Amino acid sequence: MVSLTHERKPDASTRRSAGRRRPKADGWLLGCVLALVGLGLVMVYSSSISFAERNIGDGSYYLWRQSIAVGLGLFLMYVTMRTPVRLWEAAGPYLLLGGMALLVLVLIPGAGITVNGSSRWLRLGAINLQPSELIKLILVVYVAGYFVRRQEELHNFTQGVFIISIVVVAIGMLLLQEPDLGAMVVISMTVLGMLFLAGVRFWHFGVVVVTGVVGMAILTLIAPYRFARVVGFLDPWADPFNSGFQLVQALIAFGRGEWFGVGLGASVQKLYYLPAAHTDFIFAVTAEELGLLGVLVVIVLFGILVTRAFLISRQAERVGLLYGARLAQGVGLLLGLQAIINMGVNMGALPTKGLTLPFLSYGGSSILTSFIAVGLLLMVQRETRAHAWGVQ
Amino acid sequence: MSHSGRSMRHPVRYWLVLSGLWAILGLLGVRATYLQVVASDYLQRQGDARYLRTVTDNAHRGMILDRNGSPLAISTPVQSVWADPPAFMRARQRWPALARVLGLQQRDLARQVRKYADREFMYLKRHVTPDVAARARALKIPGVFLQREYRRYYPTGAVSGHVIGFTDIDDRGQQGLELAYEAMLRSTPGKKRVLRDLYGNIIETVESVSLATPGKDLVVSLDRRIQYLVYRELGAAMEAYNARAATAIVMDTHTGEVLAMVNLPGFNPNNRSKLTSAAFRNRAVTDVFEPGSTLKPFTVAAALESGQLTPESLIDTAPGRFRVGTKIIRDLRNYGELSVAQVIEKSSNVGAAKIALSMSKEQIWGMLRRAGFGETTGSRLPGESAGLLNPPSQWVSIDQASVSFGYGISVTSLQLARAYAVLANDGVLVPITMLRRDAPVRGVKVMTRRTAQQIRNMLELAVSRRGTGAAAQLLHYSVAGKTGTVHKLISGDYAKDRYVASFAGMAPASNPRLVMVVTVDEPEARRHFGGQTAAPVFSRVMAGALRLLNIAPDIPQQGLRWAAPTTSAPPA
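None of these values were measured; they are calculated from a predicted model. For every chain, the first residue of its written sequence is number 1, and the numbers climb from 1 along that sequence. Each chain takes a letter, starting from A, and each ligand takes a number, starting from 1, following the order in which they are written. Totals for whole chains, interfaces and linings use all residues, but because this is a predicted model, local features are given only for residues with pLDDT of at least 70 and pairs of side-chain atoms are given and counted only at 80 or more. The side-chain quantities take in all heavy atoms of the structure and omit both hydrogens and water.

Participant: Describe the overall build of chain B, and please don't skip the residues or the numbers.
Facilitator: Check the secondary structure of chain B and you find 20 helices and 19 strands. Throughout, exposure labels follow a simple rule: accessible area from a 1.4 Å probe, protein chains only, divided by the maximum for the residue type, with under 20% read as buried, over 50% as exposed, and the rest as partly exposed. Within chain B, buried positions represent 54% of all 572 residues. Per element, the accessible surface of chain B, about 25,100 Å² overall, is 52% carbon and sulfur. Here a strand is any run of E in DSSP of at least two residues, a helix any run of H or I of at least four, and the numbering for each starts at the N terminus. Method for areas: the Shrake-Rupley scheme with a 1.4 Å probe, in which residue coverage is limited to the protein chains shown.

Participant: Give me the lowdown on the overall build of chain A, citing residues and values where you can.
Facilitator: A tally of regular secondary structure across chain A gives 14 helices and three strands. For chain A, the proportion of its 392 residues judged to be buried stands at 58%. Note on contacts: a residue pair is in contact if any heavy atoms of the two residues lie within 4.5 Å. For chain A, the share of sequence-separated contacts (at least 6 apart) that also reach a separation of at least 24 residues comes to 71%. In the form shown here, chain A has an accessible surface area of approximately 15,800 Å², with 67% of it arising from carbon and sulfur atoms.

Participant: Let's hear about the interface of chain B and chain A: which residues, and what values?
Facilitator: The parts lose accessible area when they come together, and the size of an interface is often stated as this lost area. Contacts between chain B and chain A engage 44 residues on the former and 65 residues on the latter. A quick way to say it: buried area is the sum, across both parts, of accessible area lost when two parts are put together, with a 1.4 Å probe. Interface of chain B and chain A: buried area, both sides summed, is about 4,700 Å²; carbon and sulfur atoms make up 68% of it. The rule for a salt bridge is simple: a side-chain nitrogen of Lys or Arg has to be within 4 Å of a carboxyl oxygen of Asp or Glu. The interface formed by chain B and chain A contains zero salt bridges. For the purposes of these results, a polar contact is taken to be a pair of N or O atoms within 3.5 Å, where, inside protein, one atom must be able to donate a hydrogen and its partner to accept one; residues adjacent in sequence count only when each atom of the pair is a side-chain atom. Where chain B meets chain A, there are ten residue pairs in polar contact (both at pLDDT 80 or more). For the side of chain B that touches chain A, a count of residues per class yields 23 nonpolar, 13 polar and eight charged. As a working rule, the residues Ala, Val, Leu, Ile, Met, Phe, Trp, Tyr, Cys and Pro are called nonpolar, Asp, Glu, Lys and Arg charged, and the rest polar, with Gly in that last group.

Participant: Quick one: what's the story with the pairing of strand E3 (residues 71–83) of chain B, residue by residue and with numbers?
Facilitator: Residue and element names in this part refer to chain B. Here, strands pair whenever DSSP counts at least two bridges between them. The sheet contact formed by strand E2 (residues 64–65) and E3 spans two bridges and is antiparallel. Bridge pairing links isoleucine 64 to alanine 73 in E3. Taking the residues between adjacent antiparallel strands as the criterion, E2 and E3 are bridged by five residues, where glycine 69 takes a positive phi near 90°. Across ten bridges, the pairing between E3 and strand E5 (residues 144–153) is antiparallel. Bridge pairing in E5 places glutamine 79 opposite arginine 148.

Participant: Describe the sheet that holds strand E17 (residues 480–490) of chain B, and please don't skip the residues or the numbers.
Facilitator: Residue and element names in this part refer to chain B. Reading across from one edge, E10-E9-E19-E18-E17 is the order of the five strands in this open sheet, with antiparallel pairing throughout. Bordering the open sheet on either side are strand E10 (258–264) and E17, each of which pairs with just one other strand. Taking the axes of each pair of neighbouring strands and ignoring which way they run, one obtains an average angle of 10° across the sheet. Judged from the six bridges that link them, strand E9 (residues 245–252) and E10 form a sheet pairing that is antiparallel. In the strand pairing of E10, alanine 246 is matched with leucine 264. Packed on one face of the sheet, helix H17 (residues 413–424) meets E9, E10, E17, strand E18 (493–507) and strand E19 (514–521) and runs near 145° to E19. Axis lines are fitted through C-alpha atoms, for helices just across the contact stretch, and the angle between N-to-C directions can take any value from 0 to 180 degrees.

Participant: Explain the nonpolar core to me, using residue names and the numbers behind them.
Facilitator: If you look at the biggest cluster of nonpolar residues, it comprises 126 residues, and the most contacted ones within it are Met343 and Phe359 of chain A. At 18 residues, the largest contribution of residues to this core is made by helix H12 (residues 282–318) of chain A. In contact with phenylalanine 359 of chain A, not counting residues within four places along its chain, are Val33, Leu36, Val37, Gly40, Phe302, Leu305, Leu335, Ile367, Ser370, Phe371 and Val374 of chain A. Grouping buried Ala, Val, Leu, Ile, Met, Phe, Trp, Tyr and Cys residues that are joined through side-chain atoms within 4.5 Å yields what is termed a nonpolar core. Listed in part, the 87 residues of the second largest apolar core include Met367, Met458, Ala480 and Val500 of chain B.

Participant: Kindly report on the pairing of strand E4 (residues 122–128) of chain B, identifying the contributing residues and their values.
Facilitator: Residue and element names in this part refer to chain B. Across the seven residues of E4, five count as buried, placing the element largely inside the fold. One ladder, built from four bridges, connects E3 with E4; its direction is antiparallel. Directly across from valine 81, in E4, lies its bridge partner lysine 125.

Participant: Describe the packing of helix H8 (residues 181–198) of chain A against helix H13 (residues 322–346) of chain A, and please don't skip the residues or the numbers.
Facilitator: Residues and elements named next belong to chain A. Between H8 and H13, the shortest axis-to-axis distance is 9 Å and the interhelical angle comes to 140°. The orientation of H8 with respect to H13, classified from their angle, is oblique. Our pair here, H8 against H13, has a crossing hand that is right-handed. Taking contact as the criterion, the partners of Val185, Val186, Met189, Thr190, Gly193, Met194, Leu197 and Ala198 in H8 are, on H13, Arg326, Gln329, Gly330, Leu333, Leu334, Leu337, Gln338 and Ile341. Angle categories: roughly parallel below 35 degrees, roughly antiparallel above 145, roughly perpendicular from 65 to 115, and oblique for all the rest. Rotating anticlockwise by less than a right angle from the far helix to the near helix defines a left-handed crossing, while the corresponding clockwise rotation defines a right-handed one.

Participant: Help me get a handle on a nonpolar patch on the surface, residues and values and all.
Facilitator: Without a salt bridge and with relative accessible area above 30%, a residue can belong to a patch; like charges are then joined within 9 Å and nonpolar side chains (Val, Leu, Ile, Met, Phe, Trp, Tyr) within 5 Å. Nonpolar side chains collect at one region of the surface, where Leu72, Phe75, Tyr78 and Val79 of chain A lie side by side and expose about 390 Å² of accessible area between them. Mapping valine 79 of chain A onto the fold places it in helix H4 (residues 61–82).

Participant: Mind laying out the pattern of salt bridges, listing which residues take part and the relevant values?
Facilitator: Residues and elements named next belong to chain B. Within this structure, the stated rule accounts for 28 salt bridges over all chains. Here arginine 172 makes a salt bridge to aspartate 170, at a shortest N to O gap of 3.5 Å. Exposure remark for aspartate 170: the relative accessible area of 36% places this residue in the partly exposed category. Among the ionic pairs, arginine 244 bridges to aspartate 521, the shortest N-O distance being 3.1 Å. Separated by 277 residues along the polypeptide, arginine 244 in the loop between helix H10 (224–241) and E9 and aspartate 521 in strand E19 bring together distant segments of the chain. We classify aspartate 521 as buried; its relative accessible area is 16%. One network of salt bridges, with partners in common, ties together Arg126, Glu149, Asp168, Asp170 and Arg172.

Participant: Tell me about helix H5 (residues 85–105) of chain A, and name the residues and values.
Facilitator: Residues and elements named next belong to chain A. Given the number of residues in a helix, its expected span is that number minus one, multiplied by 1.5 Å. Taking 1.5 Å as the rise per residue, H5 with 21 residues should run 30 Å; its terminal C-alpha atoms sit 29 Å apart, in good agreement. For a residue, the bend is simply the angle between two axes, fitted respectively to the seven-residue segment ending there and the seven-residue segment starting there. A bend of about 55° at glycine 92 is the largest found in H5, and the proline proline 93 appears one to four places after it. Looking only at H5, the buried set comprises Val85, Trp88, Glu89, Gly92, Leu96, Gly99 and Leu103. On its buried face, H5 sits against H4, helix H6 (131–149), helix H7 (157–177), H13 and helix H14 (364–388).

Put into structure tokens, the structure is as follows:
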């Protein structure tokens, strides 16, 4: 029997004597996250130093803000890890309502802050909160709970797929008002993945996918700026100074990187050529400075992160923690898909979206929700382990 | 919440999704490899096209130094403010501040920027003071940069303005020696490829395409001290005689080097904003005048060379008038019977005409031609005139007579100086140069040594107490020279009250080292003779120049022989 108090107070003697003890936290997962965050801090500093120097007069401005966010994120991750899974399962619907309220609030002029034509931020004292980052996680928490509650009705189209779709569409509509298409795409794909993993019928799943694709196509066609982005993505070199500008600059950054990069701090593209170099396009700057090697390391780190999430979900499922399993799958999908989409956008493999690269991009809301997401994984793992050893 | 029982609900879907995610990550890795390894050359070229620029690196123009190494023209680095119009356009709210610093009108600035909107480079203001450059830089306006350029500075200012000339704002020679030796003085800007950020700031130099090479220094024949002396004395004379213009040249007789060349009124090449191009003319080589009596020695030289006359041969000039065709040639008074030497000493027109008419046209023409009249001197100074010496086939007898005393022929001051250098140099014409000559140069024998010496003796008489050029005398040095006073030719007619007074001479007469020509354009009517206006300038300059050049006096006890000039000395 290993008690929680025992876990809290590790020392050399117990570690040696408890030869059969498992590690307290997932070393692979934490290692990946810390590696990504560490690299992220370095790259945020490197990619923002000139920009911050020029616009704010302090080259380390973004580094400091990001460092504070990371510190807060680590704390929130720890707190989240210590919470009981049951709390989240029960809180899902309320969190959803709260999150949707924030999404409405951000649209109200005066409450929301508009940057570059998008109303994505709420001012909360000294910090700006981005509700669309929160809602991604909230939806995962909610949907996981929904699947567990309606375990038996998932074969039923109306009960299984339709209700969830309604929720996603409602949130999607709110996100489109900001607009924040990137968040909507990530949410939709994450929920689709969760539906699939939860075991809905193939043809139900197919209907949702087709509907989603058609819906996205319509959204793209009716909004000129989205259409331009798609066209710009298909052939960025056709108009490299307008619609294709950002993508062309990102591709050039990749091309300059070659195998081992131009060296840390030596990026040219970050010198105002590449817009959003320290946020959405930090991966391109990483590619330029650290080369293919750095890119592959980041890709593998995200792969390990997703894999750990899935392994945690399997362990949870084995011991019967169905909610924890669904939650871990959802979090893994959320982080993995967002990373994949961001990296794909950076490499010109996907149309441009306003999405951050989890743990690397500058952005307090993104960092905090990403850490909370990892906290949820660690929480599930903690309870799984406790469950397996019969603590409960 | 416990759902124990089945170990795993959808293992296939689980592995499908996980492997799907890994497959996508793998594809991203493939895409990255393609971009960073396969397409990297193309992408890098695209990047280079966006931020690699070739910029020029200016080097300084060669200095112009006088024969002793004193600077006459030097280049000092200055800053020019330029803009990258597209970047500058984005900082429109900063324009007023910049306009204030640069002293530009806001409206003019806006118009200029609009004009160059689709370019990558435009000057905002050139050659600003270091203070203005520093303040413009401190504004930190995107798209505004400084470029190092060179501004030409002339330490001697107006003293050598005409002969040195000047450069334009792009450092290209425009006048004078700056133009003549442009190819040598010019610097070659270097080219280098630099990496720029989006706002145009240079991040680093990628490669140096070509190095900037400064121009070569030019050592000219001028002696700054003598140049200044000439400038001062000529200016004093200009003022004293209220003259319209004046020119003087000092030459080294043996080497053909021009030691000083001054035109007045002068101009300051350092500040010429309000001047017209006429003011820049180096009249010593561009403007011609009828030399008058200063040409008589060459008439006599032709006669002596022909062997028809000796210095002692007598010419009857009575009654001071001589009719040639329809024209009457006059002397100032009736000199009666004069020797050839006295014709020079008294400057008798009648005597010169009679000597000329005793020879063939070709003999006179040939002497003048050999002495260098009617052709440029090869000084390479821009705009040099060849003067006018009509071929003898076009001469009628009055032409032959009037050429003998310097009418009907046009010369430049420099030509006259060169011709006198022939007399000074025992009959050898040494090519003129504006550069310091370090090795002796071969001249051309123009007349016999004997003839040249005989002429010099006559010219020595001409500056004696009884001669017309007595004011040219020097303490301790013997002088040989000739005055000239001609009516100005104004649109085809000789003006009654407008003259060009001149003096051409050399010193020391026993072994001439320096030749000097002075012309004064339109001195006031009361004192218009060359002996009154030009000769004193010669005297004052020569006294200083001979001492400066350490030339030994040839008549140490001259004080006994020397007498005050007949004319009153001009105020210094």
